[in-house]
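Here is how the chains run, residue by residue.
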Amino acid sequence: MKFTKRQKVIAASAAGVLVVGIGGFGAWQWSQTSTSAAAYEQADGELRTVNGERNRAAAELNKAREGALAAHTAAMQLSGAADPALLESPAARDDLIVATEALAKAAALQVNEVGALALPAAETANRVASTAAPEGREAQLAGAKKLEATATSLKSEAATLTKQNEAIKKAVAATEKSEQQLIASAHTKGAATEVPELASQETKDAFAAAVAALQKPAKNADLVALLRAYQDASAGMVASTEVAARNQDPASIEPTYINGILIANKTYPLPSWWGDGLTGETVAAFDAMQAEAAGQGHSLYISSGFRSYASQASIYNSLVAQVGVAGADRDTARPGHSEHQTGLTVDLNCICEGFGYQADGQWVAANAHRFGFIVRYPQGKEPVTGYIWEPWHLRYLGVENATAVYNSGLSLEEYLGITSSYN
Ligand SMILES: [Zn+2]
């Protein structure tokens, strides 16, 4: 949209040539000598020069009109594509409206006045051509008067061109200013937006890139595209946050099965509604194990079985209140992450490390798999399971799986190749 300077120069030079033309005519009138024919030829040549300049100026003006129309279209697109929130700045909005109106006006002005200028220019050219080689003083005088009238008309046209150029220049400047303010407004809006913690890193990165592009647009950047990218990134971040929030809703979590085994550990939570007591299989398996153990002189009893999401939340939250999150995480699972919520887990006897050294506990470690249980958190596996050795905590997997895990010598996490850690 840079066309006003050149146009102004052309208009000014056209006016300058006109002054020379008028001066030449005055000199001719004053002398009234036999050089009149030569003076006429000279004035005629000058008029042709002026006409040429005027025609070039008109062509430039046409270009300017196209530029003004393009600017007008761009401004309309900009205002149409911009997020209404980005136009919160009243100054940016008002400037855009003013620029748009000014451009529309300038464009209309060009269409009418350039069209009007074209006619006299053509007529003048025809008149000059038809008065070629005049014979006699009267004819020369008449020709000279025509030249004077044409020169006056051209001078006024040049003034109109200049005025029109000024109008376009102002409109373009106003548009450029409003574009800059729009960018500034978008950037302020983007920078001021609190990036939600829940949004994915991918959407956060995309948003940051869009804000940076708006902050420092490259030369000749497509502002509409930049604004659109900003809006897309912003919408993407909102969507990502919603997905994350939904995933954090404990009721909407999906239970995780790996190789048919229900997982509840620090990585994989259960939905809040899951579980309503120890499963029938778990109770039956324990009863069988208890009976055989009793036959061999071992006393086994369940100290803790099913724990609901709500009761685990209560335990965890009261611990957090006493010792903080880090301390609570060492002692008990976060709600949804306790294996006791599966209904497939029992804590035996004293719920103490000593159980692992007692005969009862050692019998359990060696025999539980035959009844479908594994010691879920083996000794030395804390980095993998996320829990210290708990010789009292059994998990029911069914005889086949429990035996396979027992024979592997691995923790369940290692056996399945999964992690157990809070994010
Ligand atoms: Zn337990």
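Residues numbered from 1 in each chain as written. Predicted model: local features only at pLDDT ≥ 70, side-chain atom pairs only at ≥ 80, totals over all residues.

1. Comments concerning the overall build of the chain
(1) Moving on: Tallying secondary structure elements over the chain gives twelve helices and six strands in all.
(2) Moving on: The buried share of the chain, reckoned over its 423 residues, is 34%.
(3) Moving on: The long-range share in the chain, meaning contacts at least 24 apart out of those at least 6 apart in sequence, stands at 77%. (Helix = DSSP H or I, 4+ residues; strand = E, 2+ residues; numbered from the N terminus. Buried ≥ 20, exposed ≤ 12 C-beta atoms within 10 Å, placed from the backbone. Contact = placed C-beta atoms within 7 Å.)

2. Concerning the environment of Gln-341
(1) Moving on: Here Gln-341 lies in the loop between helix H8 (309-331) and strand E4 (345-348).
(2) Moving on: Distance in space between the C-alpha atoms of Gln-341 and Trp-273 is 9.6 Å, their sequence separation being 68 residues.
(3) Moving on: The contact partners of Gln-341, leaving out residues within four places of it in the chain, are Ala-264, Leu-270, Trp-274, Gly-275, Arg-307, Ser-308, Tyr-309 and Gln-312.

3. As for the sheet that holds strand E3 (residues 302-304)
(1) Moving on: Strand order across the open sheet formed by four strands is E3-E4-E6-E5, with antiparallel pairing between neighbours. Where the open sheet ends on each side, the last strands, each with one partner, are E3 and strand E5 (373-377). The mean inter-strand angle of the sheet, taken between neighbouring strand axes irrespective of direction, is 50 degrees.
(2) Moving on: The sheet contact formed by E3 and E4 spans two bridges and is antiparallel. Within E4, the residue paired with Ile-302 across the bridge is Leu-348. (Pairing = 2+ DSSP bridges. Axes fitted to C-alpha atoms, helices over the stretch in contact; angles between N-to-C directions.)

4. A word on the environment of His-337
(1) Moving on: Looking at where His-337 falls in the secondary structure, it is placed in the loop between H8 and E4.
(2) Moving on: Residues His-337 and Ile-263 lie 74 residues apart in sequence; the distance between their C-alpha atoms is 9.2 Å.
(3) Moving on: Aside from chain neighbours lying at most four places away, what touches His-337 is Ala-264, Asn-265, Lys-266 and Pro-269.

5. Thoughts on the pairing of E5
Two faces belong to every sheet, and in a regular strand the side chains alternate between them.
(1) Moving on: Along E5, five of the five residues are buried, which leaves the element largely enclosed by surrounding structure.
(2) Moving on: Sheet topology places E5 next to strand E6 (residues 390-396); four bridges connect them, and they run antiparallel. Looking across to E6, one finds that Val-375 is bridged to Leu-394.

6. Some details on the environment of Ile-253
(1) Moving on: Within the element layout of this structure, Ile-253 appears in the loop between helix H6 (223-248) and strand E1 (256-258).
(2) Moving on: Linking Ile-253 and Tyr-268, residues 15 residues apart in sequence, is a C-alpha distance of 9.5 Å.
(3) Moving on: For Ile-253, the residues in contact, after removing those within four places along its chain, are Pro-269, Leu-270, Pro-271 and Gly-336.

7. Re helix H11 (residues 399-408)
(1) Moving on: Inspection of H11 places Asn-401, Ala-402, Val-405 and Tyr-406 among the buried residues, and these make up the whole buried set. Taken end-on, H11 shows its buried residues confined to a sector of 130 degrees, consistent with a single buried face. In H11, the exposed positions that point more than 90 degrees away from the buried face belong to Glu-400, Asn-407 and Ser-408.
(2) Moving on: Buried-residue contacts for H11 involve strand E2 (261-263), E5 and helix H12 (412-416). (Arc of directions from axis to C-beta.)

8. Thoughts on H8
(1) Moving on: Given a rise of 1.5 Å per residue, 23 residues ought to cover 33 Å, yet the end C-alpha atoms of H8 are separated by just 16 Å, more than 12% below that figure.
(2) Moving on: The sharpest bend along H8 measures roughly 125 degrees and falls at Val-323.
(3) Moving on: Here H8 has its buried residues at Tyr-309, Gln-312 and Tyr-316. (Expected span 1.5 Å × (residues − 1). Bend = angle between axes of the 7 residues up to and from the residue.)

9. Concerning the nonpolar core
(1) Moving on: With 22 residues, the main nonpolar core has Met-289, Leu-348, Ala-368, Phe-373, Ile-374 and Leu-394 as its most contacted residues.
(2) Moving on: When neighbours within four sequence positions are excluded, Leu-394 is seen to be in contact with Thr-345, Val-346, Leu-348, Ala-368, Phe-373, Ile-374, Val-375 and Arg-376.
(3) Moving on: Core analysis: the next-biggest nonpolar cluster, separate from the first, contains eleven residues, Ala-206, Ala-213, Leu-227 and Ala-233 among them. (Core = buried A, V, L, I, M, F, W, Y, C linked by C-beta atoms within 7 Å.)

10. As for the confidence of the model for the chain
(1) Moving on: For the chain, mean pLDDT is 75; residues scoring 70 or higher make up 55% of the total.
(2) Moving on: In the predicted structure, residues 1-34 sits below a pLDDT of 50 and forms 62 contacts with residues beyond four places in sequence or in another chain. (pLDDT = per-residue confidence, 0-100.)

11. Overview of unusual backbone geometry
(1) Moving on: The residue Asn-259 is not glycine, and still its phi comes out positive at about 50 degrees.
(2) Moving on: Of note, Ile-351 is a non-glycine position whose phi angle comes to about 50 degrees, a positive value.
(3) Moving on: Here Ile-351 shows up in the loop between E4 and helix H9 (359-367).

12. Side note on the pairing of E4
(1) Moving on: With three bridges connecting them, E4 and E6 associate as antiparallel partners. Residue Asp-347 lies in a different strand from E6, and its bridge partner there is His-393.

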